[in-house]
Amino acid sequence: MRKVVVLGGGHSKFCFNSPKTSVEMLSEVAMDAIIESNLTPKDIQAINVGNVLGDFSEGQGMVQSFFANDIGCFNVPANRFEAACASGSIAIRDAFIWVASGYYDIVLVGGVERATAMGTPLATRTFAMYGDSRYEYPAGFTFPAAFALLAHLYSDKYKIPLPRLKKMMAAVSVQSHEYGMLNPNAQIQKLLTKADVLNSFMVTTPIQLHDACPFSDGAAAIVLASEDAAKKLTDKPVYIKGIGQASSGKLSSQYRYLPRLRARELAAEQAYKMAGLTPRDIDVCELHDCFSIAALIAAEGLGFFEYGTAGEAWERGETRLGGKIPINMSGGLKSKGHPVAATGLSQAYELTRQLRGQMADQGRQVDGAKYALQDTLGGDGVLVSIIYANQ
Amino acid sequence: MEYKLTFKEYNKALKQDKLLGLKCNDCGMYTCPPMMVCHHCAGTNLEIVEMAGTGKIVSFTTSYIGSEGREGELPITIVMVELDEGPWIFGNLIDIDHRTITMDLIGKKVKLGHKVFPGDKYSAGDAARPVFSFA
């Protein structure tokens, strides 16, 4: 298996009500990624695109081939990957496998979503399609409700009284907004206090508005290349050192593990093993904080903290710049925004820049970062881990 | 290979307050809602059984937001119930004022009824779901 390098990247501003179409958003970030990689569209041999709801939001399916044509990647094979919020990350993982296997030398990976065009009621309906449609949606399943159920389970299982857990959850949102203020691509650049979180609209008990990420529009892209191809193009290679992916069934079927998500733990285990690393080696992490409680569950499942203790870690500042494991220096899904299929690409973009030391100007560089971990959760079922290294 | 118990048959029974599941003749464990194989051992030596329809609440949430077309159901209390036979299942809770719900709800014994979600243009028909009340 060959070594695989992440070359350039592109990232749109994440926002509400983008004036641009999905094809336009994706084309712009893809072209940025190609140019930053010292390549032209003619050099791209294959394209992987994450996109979940183009059909519902714009009446546009198969976005990958239309955008490929728009950027001058004429007739290049282009595939669409779908795993709800993990769509972008499975697109990266598969591109890695293609390049590592030797079949292609240079693959473009993008992700795009224009979710806010649907409006909140239809967006809520379509997002709920990534839960079980026959056995769970009829009872009123939505993703906020799924994580609300996990929050109460978490409180019960780890014997953390709910008011105490709520304060820990608020600490997650407060931190995310603080770093989101420093990220020019972030959707919601506004400082929050714990009181702001705890006084916000109750969405579904115990999840309040500021425990939840927003609906978002946006796109991001990266270029992957074989080590040989990359040598001629960059003197700051960032390698993909480990990948992992696992699936699971409907939320209720995961009852032997909840509130832990077994698929995440398996995906992370695969990635750590492949990279020859442990959680202690990771210098910076972008994890899937679609809800504040999701961040706690993720940080534990990735091995950074003992089960039931991540909330205290956030409160103690262990997840901040300079802390034990800086998490979501981008502002996370909460502040940066969460244009579903673009999220995995956004995480990759952020982490490769951290590993190249390019975030100092923005005041959120993890000094000397060597290893970075990306965690993405799709629906209640698909989990992806990717480990990057700058050596 | 065909499903031993399809959604169609499960749905038909639930509309009569009968919760159908699968018992594995190899490992003795139960699977509910149905799958093609045993949830525990992945075996296919399964038989259709009627579950007792009783269990205890393991988690809950009261939602004040919902999907397009379901606004009229709000607020709605969603529960995960551990059935006496072991599996967990999604349903709704009635018989309680949602404003009085606290963490004390966890562990409460409930029994099954049903309500039909009539479906929308994305759902390929209706679907009954368990509606629980206190046992």
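Residues numbered from 1 in each chain as written. Chains lettered and ligands numbered in written order. Predicted model: local features only at pLDDT ≥ 70, side-chain atom pairs only at ≥ 80, totals over all residues.

**Focus on the overall build of chain B**
- The secondary structure content of chain B amounts to one helix and eight strands.
- Taking 14 Å as the expected radius of gyration for a compact globule of 135 residues, we find that chain B reaches 16 Å, a close match to that expectation.
- Principal axes of the C-alpha set define a box for chain B whose edges measure 45 × 35 × 25 Å.
- Within chain B, buried positions represent 39% of all 135 residues.
- A sequence separation of at least 24 residues applies to 50% of the contacts in chain B between residues at least 6 apart. (Helix = DSSP H or I, 4+ residues; strand = E, 2+ residues; numbered from the N terminus. Rg over C-alpha atoms; globule rule 2.2 N^0.38 Å. Buried ≥ 20, exposed ≤ 12 C-beta atoms within 10 Å, placed from the backbone. Contact = placed C-beta atoms within 7 Å.)

**What about the pairing of strand 8 (residues 127-134) of chain B?**
Residues and elements named next belong to chain B.
- Most of strand 8 is tucked away: six of the eight residues are buried.
- With two bridges connecting them, strand 6 (residues 88-93) and strand 8 associate as parallel partners. Opposite N92, over in strand 8, you have V131 as the bridge partner. (Pairing = 2+ DSSP bridges.)

**A short note on helix 6 (residues 143-157) of chain A**
Residue and element names in this part refer to chain A.
- In a regular helix each residue adds 1.5 Å, so 15 residues correspond to 21 Å; helix 6 covers 21 Å between its end C-alpha atoms and thus fits that length.
- Of all 15 residues in helix 6, 13 are buried, a share of seventy percent or more.
- Positive backbone phi, approximately 55°, marks K159, located one or two places after helix 6. (Expected span 1.5 Å × (residues − 1).)

**Focus on the domain arrangement of chain B**
Residue and element names in this part refer to chain B.
- Annotation of chain B at the domain level lists domain 1 (1-51) and domain 2 (52-135).
- Averaged C-alpha coordinates put domain 1 and domain 2 at centres separated by 20 Å.
- Residue-level contacts link twelve residues of domain 1 with 14 residues of domain 2.
- Within the residue set of the side of domain 1 that touches domain 2, elements represented by two or more residues are helix 1 (7-14) and strand 2 (30-31).
- Looking at the side of domain 1 that touches domain 2, its residues break down into seven nonpolar, three polar and two charged. (Domains from an automatic or database assignment. Nonpolar A, V, L, I, M, F, W, Y, C, P; charged D, E, K, R; others polar.)

**Quick word on unusual backbone geometry**
- Here the amide bond leading from A:L258 into A:P259 is cis, since omega sits at 5°, within 30 degrees of zero.
- For the peptide bond that leads from B:L74 to B:P75, omega is -10°, which places it in the cis range.
- Checked against the element boundaries, B:P75 lands in the loop between strand 4 (54-63) and strand 5 (76-83).
- In this structure, B:D17 is a non-glycine residue whose phi angle is positive, near 60°.
- Structurally, B:D17 can be placed in the loop between helix 1 and strand 1 (20-24).
- With phi around 65°, B:A42 is a residue other than glycine that occupies positive phi space.
- Of note, B:A42 is situated in the loop between strand 2 and strand 3 (46-50).

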